[in-house]
Amino acid sequence: METLKDERQQYILNELYKYGRVVVNDLSKQFVISKDTIRRDLSELENQGVLKRVFGGAIPYKVPVPGIDARNHVHKNEKFLIAKKALELIKKDSMIAIDGGSTNLILASLLPLSISLRVVTNSFPVANELRKRPNAEVIFIGGRCDKGSQTTVGDMAIKQLQNFHFDQCYIGVYAVDSKNGISVPVPYEAEAGVKQLFVENSDEVIAMCAVDKLEKTANYRICSINEVSKIICENPVNEKLNRKYKNKII
């Protein structure tokens, strides 16, 4: 019974982040359960700090991806689709790394509430989202706070990361080029060193990238395409373009 409730509440969260609100009547009809049961679900989720009850339903507590001020209102639907694809690749009881970024924050928000996982992150918003998953162990990397990205960066962060090894890492991407690899622009160069170590210390590297960031190059190189296991985009790309990326785009 508890598993069914977890699945129902996860569906509610998915709908919430996708559409910006949920309605008690609609959820009651969809699950063929009472409105009171749905209201109890919403109350539990509100107590966890992931949504806010309003008349007739609920809205995200912070809409829709809190914490990344410069990017949290841009391309919401695309980021949701990317994060949803990435979610399917995460294996329970594994150890993964998630860096900063609005797409990564949506990914964290979509993780099942009951998932058992170890997550290393340097992102304040991601860590805050993961604290709501009681079975997820969160290891937060210290260091200098980069206020723009809301991540920890610098020598202290890099020193801590040197001793970790990850089953997977999920990195936000600013630019991807089939020849020059993954790179970040000048405002985010402080993140480059941390991203590089996430990549170097992972068995599998998952890059999350909107289609419009393909065939773009920025100032600071993170890694080559050869070091990337998969590139997740919101929409399929044509076969010719995918071949340029060694058929890694999904």
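Reference entry: report on the structure contained in this document. Everything numeric in this text was worked out from a predicted model, so none of it was measured.

Rules and cut-offs
Residues numbered from 1 in each chain as written. Predicted model: local features only at pLDDT ≥ 70, side-chain atom pairs only at ≥ 80, totals over all residues. Heavy atoms only, no water. Core = buried A, V, L, I, M, F, W, Y, C linked by side-chain atoms within 4.5 Å. Buried < 20%, exposed > 50% of the residue type's maximum accessible area, 1.4 Å probe, protein only. Helix = DSSP H or I, 4+ residues; strand = E, 2+ residues; numbered from the N terminus. Phe/Tyr/Trp six-rings, centres within 6.5 Å; stacked < 30°, edge-to-face > 60°. Pairing = 2+ DSSP bridges. Axes fitted to C-alpha atoms, helices over the stretch in contact; angles between N-to-C directions. Contact = heavy atoms within 4.5 Å.

Ile-171, Val-176, Ile-182, Phe-198, Leu-214 and Ile-231 are the most contacted members of the largest nonpolar core, which has 35 residues in total. Broken down by element, this core gets its largest block of residues, 5 residues, from helix 8 (residues 192-200). With 24 residues, the next largest nonpolar core counts Ile-82, Ala-86, Ile-98 and Tyr-170 among its residues.

Okay, unusual backbone geometry next. Even without being a glycine, Gln-150 presents a positive backbone phi close to 55°. Relative to the helices and strands, Gln-150 resides in the loop between strand 7 (144-146) and strand 8 (151-153). Its identity is not glycine, yet Asn-247 carries a phi of approximately 55°, on the positive side. Inspection of the secondary structure assignment puts Asn-247 in the segment after helix 9 (239-244).

Let's shift gears to the packing of aromatic side chains. Here the distance between the centres and the angle between the planes together describe a pair of aromatic rings. Overall, the coordinates contain 4 aromatic pairs when judged by the stated rule. Ring plane angle 10° and centroid distance 5.9 Å describe the contact between Phe-164 and Phe-166, whose orientation is recorded as stacked. Take Phe-166: its relative accessible area is 0%, and that puts it in the buried class. Members of the aromatic cluster, connected to one another through ring pairs, are Phe-164, Phe-166 and Phe-198.

The next subject is helix 5 (residues 102-110). For an α-helix the count is 3.6 residues per turn, leaving residues at separations of three or four pointing the same way. The buried fraction of helix 5 amounts to 9 of the 9 residues, a majority that puts the element mostly inside the structure. Every buried residue belonging to helix 5 is among Ser-102, Thr-103, Asn-104, Leu-105, Ile-106, Leu-107, Ala-108, Ser-109 and Leu-110, and all of these are buried.

The strand order 6-5-4-9-12-14 describes an open sheet built from 6 strands, whose pairing is parallel. Taken across any chain shown, the strands that pair with only one partner, and hence form the sheet edges, are strand 6 (136-140) and strand 14 (230-232). Strand-to-strand twist of the sheet, defined as the mean angle between neighbouring strand axes without regard to direction, takes the value 20°. In the sheet, strand 9 (residues 166-172) pairs with strand 12 (residues 202-208) via 6 bridges, with the strands oriented parallel. Note that in strand 12 the partner of Ile-171 across the bridge is Ala-207. Its contacts with the sheet place helix 4 (residues 76-87) against strand 9, strand 12 and strand 14, and it is angled at close to 145° to strand 14. Helix 8 contacts strand 4 (95-98), strand 5 (117-121), strand 9 and strand 12 of the sheet and is inclined by roughly 145° relative to strand 9.

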